[in-house]
Structure formats: C-alpha cells, structure tokens
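Below are the chains, spelled out letter by letter.
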Amino acid sequence: MRRKDREVLGDENIVKIIEQCTTCHIAMVDDADAGMPYVIPMSFGYSLKDGVLELYFHCAHVGKKLDCILKNPNIAFSMCVENRIEIHEDVYCKSGRFYASVVGQGKAEIVEDVAEKCRGLSLLMERQAAGASQSMQAAPHKFEFTPAQAAAVTVLKITSTNYTGKAKSE
C-alpha cells in the first residue's frame, strides 16, 4: 500500500469497516467475452477469524457470475464506506472524500454443504438486517434457514487471506 498513513491494521479494525458496508463488489474474468473483467455489486455476509475472511453471497442457480467462477475461481473484491466530502477552496487538489474501504483477492466456490449454506445465508441476512436496524433502532435478529430454503438458491463463498483496509479519517 502506497499510503501507509491510511492503512488500517488489525482484523478488529477491518471488521469495524466491514460492519459499515452494505455492498461488496466482486470482480472476475469473463472468459466468454475475451477475458474481459466482470464486476457485480452484491449483498453479503461474512466471517473473519484468524486472518481468514470468508464472504458469503447468494444468487440464482444459473447466471453469468456462476459461469465465470466455474471457469476461473480467482476473484477480487471491494467494499467501501463513503463519508463527507471536504472541499479546499484555496487548493482544489487537496479536496477529497473521507472514506474507509476493504479490498482483496481470493478464491470463490459454490457452497455444496447444506449446513454451511444455511450458515452463509444466516450471516448474509444478519448483515442486511443490521443495516436496517440501524435506521429503525431495532434489536439484532437471529436468522436460521432450513435445508429446503437453502436449496432454493446458490450460495457462493469467497475465502481470502489477502485483504487490506484503508481509510481517510476526519
């Protein structure tokens, strides 16, 4: 990272950023389109333990992202919290946005294990509900999925040990 003064260290600090994010963009290679990059924003759930970040997503049983991942499971991801913009009237080049982000690379896989699918869906739903509860002052809710519910969707998991946090704080 070039700007070491903005580097966010420690998984506990990475979690603080992730907890503020509602969307994760995943990028993959689209072999069907001459190896062009393909990026898509997705809702996500996550687990971060002992330096291993697991991101969970759900999708239909067929589609472009699955085709891409089945051909090449290497992906990149990015999530960001955008905060206030600061404008410097005297020197415009000093203007900028305060932000925090987590980016990385990893391997994507389709989760086949039913228990892990249910866990991934629970993490995803809890993450989404946390965003809703912040605006509604609601208590956290625990979501549990049945095997039949999990069978209705495909669950993707990205495993990464190569991620970084960065922030420009006020």
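Placed above this text is the structure.
Attention here is on the structure that accompanies the text. Quantities reported herein were computed from a predicted structural model and do not represent experimental measurements. (Residues numbered from 1 in each chain as written. Predicted model: local features only at pLDDT ≥ 70, side-chain atom pairs only at ≥ 80, totals over all residues. Heavy atoms only, no water.)

Digging into the nonpolar core
Core analysis: the largest hydrophobic core is formed by 32 residues, its most contacted members being Ile26, Phe44, Leu55, Phe57, Phe77 and Met79. If we skip the residues at most four places from it in the chain, phenylalanine 44 touches Ile18, Cys21, Thr22, Thr23, Cys24, Leu55, Tyr56, Phe57, Met79, Leu124, Arg127 and Gln128. Counting residues in hydrophobic clusters, the runner-up holds 7 residues, among them Tyr56, Cys118, Leu121 and Ala150. (Core = buried A, V, L, I, M, F, W, Y, C linked by side-chain atoms within 4.5 Å. Buried < 20%, exposed > 50% of the residue type's maximum accessible area, 1.4 Å probe, protein only. Contact = heavy atoms within 4.5 Å.)

Observations concerning the pattern of salt bridges
A complete count under the given rule lists 5 salt bridges for this structure. Of the charged contacts in the structure, one is a salt bridge between lysine 157 and glutamate 54, with a shortest N-O distance of 3.6 Å. Here lysine 157 is found in strand β8 (residues 154-168), whereas its partner glutamate 54 is found in strand β5 (residues 52-59), with 103 residues between them in sequence. Measuring nitrogen to oxygen at the nearest pair gives 2.8 Å for the salt bridge that ties glutamate 116 to lysine 157. Placement of glutamate 116 in helix α3 (residues 114-136) and of lysine 157 in strand β8 is noted, with a sequence separation of 41 residues between them. Here the salt bridges do not stand alone but share partners, grouping Glu54, Glu116, Arg119 and Lys157 into one network. (Salt bridge = Lys/Arg side-chain N within 4 Å of Asp/Glu carboxyl O. Helix = DSSP H or I, 4+ residues; strand = E, 2+ residues; numbered from the N terminus.)

With respect to the side chain of glutamate 54
Under the relative-accessibility criterion, glutamate 54 is labelled buried at 18%. When near neighbours in sequence (up to four residues on either side) are disregarded, glutamate 54 contacts Gly45, Tyr46, Ser47, Arg119, Lys157, Ile158 and Thr159.

Quick notes on helix α2 (residues 64-71)
Those residues of α2 lying buried are Lys65, Leu66, Cys68 and Ile69. Buried residues in α2, looked at end-on, bunch into an arc of 160 degrees, giving them a common side. The outward face of α2, more than 90 degrees from its buried face, is lined by the exposed residues Leu70 and Lys71. (Arc of directions from axis to C-beta.)

Re unusual backbone geometry
The backbone of aspartate 50 shows a phi angle near 50 degrees, a positive value even though the residue is not glycine. Along the chain, aspartate 50 turns up in the loop between β4 (45-49) and β5.

Focus on helix α1 (residues 11-18)
Along α1, the residues that are buried comprise Ile14, Ile17 and Ile18. The buried residues of α1 occupy an angular sector of 100 degrees when projected down its axis, which confines them to one face. Within α1, the exposed residues directed more than 90 degrees away from the buried face are Glu12 and Lys16.

Focus on the pairing of β8
Judged from the 2 bridges that link them, strand β1 (residues 7-8) and β8 form a sheet pairing that is antiparallel. Bridging across to β8, glutamate 7 finds its partner in lysine 166. In this sheet, β8 lies alongside β5 in antiparallel orientation, the contact comprising 7 bridges. Considered in β8, the bridge of cysteine 59 is made with threonine 154. (Pairing = 2+ DSSP bridges.)

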